[in-house]
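The chain contents come next:
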Amino acid sequence: MASTFLSQPVARYSSGIDVPASSRNFGSSSLRFLSPRFPTIATRSVLHPSPLSGSHHSSSESESSLILIRHGESLWNEKNLFTGCCDVPLTKRGVEEAIEAGKRISYIPIDMIFTSALIRAQMTAMLAMTQHRQKKVPIIIHNENEQATTWTRVYSGKTMKQSIPVITSWQLNERMYGELQGLNKQETAERYGKEKVYEWRRSYDIPPPKGESLEMCSQRAVAYFKDFIEPQLQSGKHVMLAAHGNSLRSIIMYLEKLTSQEVTDLELSTGIPLLYIYKEGKFMSRGSPVGPSEADVYAYTQNLAVYRQQLDEMPH
Ligand SMILES: O=C(O)[C@@H](CO)OP(=O)(O)O
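The name an unreviewed UniProt entry assigns to the protein is phosphoglycerate mutase (2,3-diphosphoglycerate-dependent), from the organism Lupinus luteus. Under the UniProt heading Sequence similarities (unreviewed entry), the entry covering the protein gives this text: "Belongs to the phosphoglycerate mutase family. BPG-dependent PGAM subfamily."

In structure tokens form, the structure reads like this:
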């Protein structure tokens, strides 16, 4: 699976060279984030949780939160068009959904953000973060080439501590819908029959014409999750992942060990965050946080409750 990523260039998240050793930390020892191209290095040089992240244990004891969020409504969702890998932005309603989602998760710790390479997922992550109580700045990591890496370097350890790296990756993109992209879903159902279109949209292993089946999408999205997101969770990092209906369905299938039949019935609404707690190698689904004042969400674990209390004590 790792060979899938060989074409991906190196990403570095670096503080630069003129920062005093004592402040060259993103909460801990390393400011460098190395790319999916080097999974083992990425695992070792993870950015450690912020002081407020509530996770200071060794990885064997650590507990991390994972937020999954499907992007808010896009302009093609609104028009009922097959979108797939076409890169369309959010509607006004989608923007509002993302902001609302941000309110729901405003007290859940987030140390790293992963998004697809598509603007609707990136907009959603960024808009949601405008609501986060911790007020850290999400920064997209540019690793297209050496120049991009060098030209986006940050030279202040203090600023780095107030930042959250945002890693974008095409492997988290929506499933590629092939020759359905841009077609109206209703008209397509009328033309090819509802059952055929349902099969294209929701079956596990039947691809739409010249497109990816959910199984094919899962081969890249779940591989990426296992290789690059799970190691971050294992090291105690709290992660938000903003992606798409089908890339997230395949990841949820993996997290919840769903069968190919069960994943067929799984539908994800736009802009609704889903919370998982990762502990001792297991993912526990905690549903969707209803709102920042919803006591139940923070009662899930002692760590989340402590984190929330710390945020409440922060000056406004
Ligand atoms: O058009 C798409 O890309 C997806 C998600 O909006 O549609 P579907 O729900 O049919 O998988």
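Attention now moves to helix α8 (residues 194-202). The complete set of buried residues in α8 reads V197, W200 and R202. One side of α8 holds all its buried residues, which, seen down the axis, span an arc of 165 degrees. Contact partners of the buried residues in α8: α7 (185-192), α10 (245-255) and α11 (260-264).

Lining the immediate environment of the ligand, one finds R70, N77, L81, F82, T83, G84, E174, Y177, K185, R201, R202 and N246. For the ligand, an oxygen atom lies 2.9 Å from a polar atom in the side chain of K185. Look at the ligand: alone it shows 310 Å² of surface, and the protein chains cover 95% of it. Classifying every residue of the shell around the ligand gives three nonpolar, four polar and five charged.

Here the focus is the packing of helix α9 (residues 214-234) against α10. Direction vectors running N to C along α9 and α10 enclose 65 degrees, while the axes themselves pass 8 Å from each other. Considering the relative orientation of α9 and α10, their crossing is right-handed. From α9, L214, C217, S218, A221, V222, F225, K226 and E230 reach across to α10, where they touch N246, S247, R249, S250, I251, Y254 and L255. Taken together, the residues that form the contact of α9 with α10 break down as eight nonpolar, four polar and three charged.

Let us now look at the pairing of strand β6 (residues 273-279). Counting buried residues along β6, five of its seven residues qualify, which places the element largely inside the surrounding structure. One ladder, built from seven bridges, connects strand β1 (residues 63-70) with β6; its direction is antiparallel. Bridge pairing in β6 places I67 opposite L275. Pairing analysis gives four bridges linking β6 to strand β7 (residues 282-285), with the strands arranged antiparallel. Bridging across to β7, I277 finds its partner in M284. Taking the residues between adjacent antiparallel strands as the criterion, β6 and β7 are bridged by two residues, where E280 takes a positive phi near 45 degrees.

Attention shifts here to the UniProt feature "site: Transition state stabilizer" (unreviewed entry) in the protein. UniProt marks H244 with the feature "site: Transition state stabilizer" (unreviewed entry), using the numbering shown here. Leaving out residues up to four positions away in the same chain, H244 has contacts with R70, H71, S116, L118, R120, A121, L172, N173, E174 and R249. Among the polar contacts made by the side chain of H244, one reaches the side chain of S116 at a distance of 2.7 Å.

What follows is about the UniProt feature "active site" (unreviewed entry) in the protein. UniProt annotation of "active site" (unreviewed entry) refers to H71 and E174 when read in the numbering used here. These annotated residues cover 104 residues of sequence, and their C-alpha atoms lie no more than 10.4 Å from one another, placing them together at a single site. From the set just named, the residues that line the largest pocket comprise H71 and E174. Along the chain, H71 falls in the loop between β1 and α2 (75-78). Among residues more than four places away in sequence, those in contact with H71 are N77, L90, R120, A121, T124, A243, H244, T270 and G271. Only 3.4 Å separates the side chain of H71 from the side chain of R120, close enough to count as a polar contact. Relative to the assigned elements, E174 resides in the loop between β4 (163-169) and α7. Under the relative-accessibility criterion, E174 is labelled buried at 7%.

Before going further, it helps to spend a moment on the layout of surface pockets. Rolled over the atoms, a probe as big as a water molecule pinpoints where empty space is left. Roughly 330 Å³ of internal volume is contained in the largest pocket. Taken together, 23 residues make up the lining of the largest pocket; nearest its centre are R70, N77, K185, R201 and R202. Contributions of two or more residues to the lining of the largest pocket are made by α2, α8 and α10. Classifying every residue of the lining of the largest pocket by side-chain character gives five nonpolar, eight polar and 10 charged.

What characterises a pair of aromatic rings is the spacing of the ring centres plus the angle enclosed by the ring planes. Under the defined criterion, the tally for this structure stands at seven aromatic pairs. Relative to W200, the ring of Y192 has its centre 5.3 Å away and its plane inclined at 65 degrees; by these criteria the two rings are edge-to-face. The residue whose ring lies beneath R175 is Y177, and the NZ or CZ to ring-centre distance is 4.4 Å. Its end group placed over the ring of F82, K185 keeps NZ or CZ at 5.3 Å from the ring centre.

This part covers the confidence of the model for the protein. Averaged over the protein, the pLDDT score is 82; the fraction of residues at 70 or greater is 77%. Within the model, the stretch residues 1-59 combines pLDDT values under 50 with 146 contacts to residues more than four positions away or in other chains. Scored as a whole, the predicted complex attains pTM 0.82, and scored at its interfaces, ipTM 0.97.

Thresholds applied
- Residues numbered from 1 in each chain as written.
- Predicted model: local features only at pLDDT ≥ 70, side-chain atom pairs only at ≥ 80, totals over all residues.
- Heavy atoms only, no water.
- UniProt positions renumbered as here; feature names shortened; annotations may be inferred.
- Buried < 20%, exposed > 50% of the residue type's maximum accessible area, 1.4 Å probe, protein only.
- Helix = DSSP H or I, 4+ residues; strand = E, 2+ residues; numbered from the N terminus.
- Arc of directions from axis to C-beta.
- Contact = heavy atoms within 4.5 Å.
- Near = heavy atom within 4 Å.
- Polar contact = N/O pair within 3.5 Å; in protein donor to acceptor, adjacent residues only side chain to side chain.
- Areas by Shrake-Rupley, 256 points an atom, 1.4 Å probe, with all protein chains shown as cover.
- Nonpolar A, V, L, I, M, F, W, Y, C, P; charged D, E, K, R; others polar.
- Axes fitted to C-alpha atoms, helices over the stretch in contact; angles between N-to-C directions.
- Left-handed = near helix turned anticlockwise from the far one by under 90°.
- Pairing = 2+ DSSP bridges.
- 1 Å grid on protein atoms, 1.4 Å probe; cavity = no way out; pocket = protein on both sides within 12 Å on 5 of 7 lines; lining within 4 Å.
- Points joined across faces, edges and corners; volume = space filled by probe spheres on them.
- Phe/Tyr/Trp six-rings, centres within 6.5 Å; stacked < 30°, edge-to-face > 60°.
- Lys NZ or Arg CZ within 6 Å of the ring centre and 35° of its normal.
- pLDDT = per-residue confidence, 0-100.

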